[in-house]
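# Understanding the architecture of this molecule
Okay, here's what each chain looks like letter by letter:
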Amino acid sequence: DRQPETGSLWLPKIFDSPRTSSPSFVRYKLRLRTIICSWLLIAATPVYAEEDTLDYFYTPQVGFDHQPLVNRVVIHARNTEWDHALSISKVLIEESEKLEQSNPKAYGQMLINHGIVLAAAEQYDDALVMLDQGLEIMEEEVSPFSEELINGIMAKALTQMGLEMPTEAEDSFRRAQHITH
């Protein structure tokens, strides 16, 4: 009983024999390796989508007493400490509800940041609700075509991808693209 020989990590040793060193077979091996690598990348994409959402944090002007808390939310989120980031973010929102009247833009940014943390923690349904609320508040304060909305719109698009809503995500990506042009 002979055990099958194994070659490289990618292909069995039979693919490395002299009979298989022709240029066309070498191209075949490269195509096969490319397909395998593509499959691996596609399988890993959702992980990067959650982490990419964190790139769209806002820095709301909330005052000196709350600014350290905003910074802590970002630090905990970047360290994937979702419970800490979410609890601090909730406290910030509750303590800053008066901002909704005095500085609606900052309040909208805080809601969007909370949605971003929720999306990064893969709580997509709740994240989409928060992102929509924050964007709605900000749109009332700035133009619907303002570049200040891009971070929130991009976070919303990534969240929609996480919810497997490709059509809606594409619409959000297009909206962000139109704003930049």
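Look up a bit, the structure's there.
On a predicted model such as this, the values are computed, not experimentally measured, just so you know.

A few words on helix 8 (residues 166-180). Residues spaced three or four apart along an α-helix point in a common direction, a consequence of the helix completing one turn every 3.6 residues. If you check helix 8, its first and last C-alpha atoms are 21 Å apart, about what 15 residues at 1.5 Å a residue would give, namely 21 Å. Those residues of helix 8 not exposed but buried are Ala169, Ser172, Ala176 and Ile179. The buried side chains of helix 8 occupy one side of the element, clustering within an arc of 85° when seen end-on. Opposite its buried face, helix 8 presents the exposed residues Pro166, Thr167 and His178, each directed more than 90 degrees away. Packed against the buried residues of helix 8 are helix 7 (150-162).

What follows covers the environment of Leu163. Residue placement: Leu163 occurs in the loop between helix 7 and helix 8. Judged by relative accessible area, Leu163 falls into the partly exposed class, the value being 22%. When the C-alpha atoms of Leu163 and Glu122 are compared, they prove to be 9.2 Å apart, with 41 residues separating the residues in sequence. Once residues lying within four places of it in the same chain are set aside, the contact partners of Leu163 are Tyr124, Asp125 and Leu128.

Analysis parameters
Residues numbered from 1 in each chain as written. Predicted model: local features only at pLDDT ≥ 70, side-chain atom pairs only at ≥ 80, totals over all residues. Heavy atoms only, no water. Helix = DSSP H or I, 4+ residues; strand = E, 2+ residues; numbered from the N terminus. Expected span 1.5 Å × (residues − 1). Buried < 20%, exposed > 50% of the residue type's maximum accessible area, 1.4 Å probe, protein only. Arc of directions from axis to C-beta. Contact = heavy atoms within 4.5 Å.

As far as function goes, none of this settles anything; it's purely spatial.
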